[in-house]
Amino acid sequence: RQQEVCSSIIRLTMASAGLGACIVLALNPAFVRIWVGKSYFGGIVLNALLAAEIITGSLTHALCTVVSVQGHRLSIGVATLAQGSLYVILALVLTKRFSLEGLLAADLMSPLISTLPISLWLLRTAHGMEIRRLAAGLLRLMGMRVAPCMAAAGAYGYWRAPDAGL
């Protein structure tokens, strides 16, 4: 039962993250151009990285929340500190080379290297959760439901961006 609840929480978080990513992909190009002007829109690549950040950040949040509620607050706290330290280092290196894209790339990479593996390991070892089953469910959700919506939203955002109209 506990594994089902944890899996449901993670899937619900990821479905919500997909919705947020779709909104960013579809509306952010026009919104930024209307709100602050065309010259301040960072481009489609930056927009796609921002949408990916929503997905990665939500997955990190969901896994860390589930693991910490189950009694591993200290481990997750240490992993979060490692993630923050890694983020600062990666941001300094990648921003010099890739500007704003490097900053978002650092934010995408740091949880993938630190917090996510530790969270998954704790779910598997401490709680017996089948990570393959969780991953399969998430891949089905993201692949069959979220990815097509994100592709359509991204196409709409790309198509509408030059007009800056919602």
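Above this text is the structure in question.
Structural notes, computed from the coordinates. Model, not experiment: these values are computed from the prediction.

Conventions we followed
- Residues numbered from 1 in each chain as written.
- Predicted model: local features only at pLDDT ≥ 70, side-chain atom pairs only at ≥ 80, totals over all residues.
- Heavy atoms only, no water.
- Patch = residues over 30% accessible without salt bridge, like charges linked within 9 Å, V, L, I, M, F, W, Y side chains within 5 Å.
- Areas by Shrake-Rupley, 256 points an atom, 1.4 Å probe, with all protein chains shown as cover.
- Salt bridge = Lys/Arg side-chain N within 4 Å of Asp/Glu carboxyl O.
- Helix = DSSP H or I, 4+ residues; strand = E, 2+ residues; numbered from the N terminus.
- Buried < 20%, exposed > 50% of the residue type's maximum accessible area, 1.4 Å probe, protein only.
- Core = buried A, V, L, I, M, F, W, Y, C linked by side-chain atoms within 4.5 Å.
- Contact = heavy atoms within 4.5 Å.

### Concerning a nonpolar patch on the surface
A surface patch of nonpolar side chains, about 530 Å² in accessible area, is lined by Phe31, Trp35, Val36 and Tyr40. Following the sequence through the fold, Tyr40 ends up in the loop between helix 1 (2-35) and helix 2 (44-69). In this structure Tyr40 comes out as exposed when scored by relative accessible area, which is 62%.

### Focus on unusual backbone geometry
The phi dihedral of Ser99 is positive, around 60°, even though this residue is not glycine. Within the secondary structure layout, Ser99 lies in the loop between helix 3 (73-98) and helix 4 (100-113).

### A closer look at the nonpolar core
Formed by 28 residues in total, the largest nonpolar core has its most connected members in Ile10, Met14, Ile55, Leu123, Leu134 and Met150. When residues of this core are traced back to their parent elements, those giving at least two are helix 1, helix 2, helix 5 (115-127) and helix 6 (131-160). Of all the elements, helix 1 adds the most residues to this core, at nine residues. Leu134 has contacts with Ser7, Ile10, Leu63, Leu123 and Met129, leaving out every residue within four places of it along the chain.

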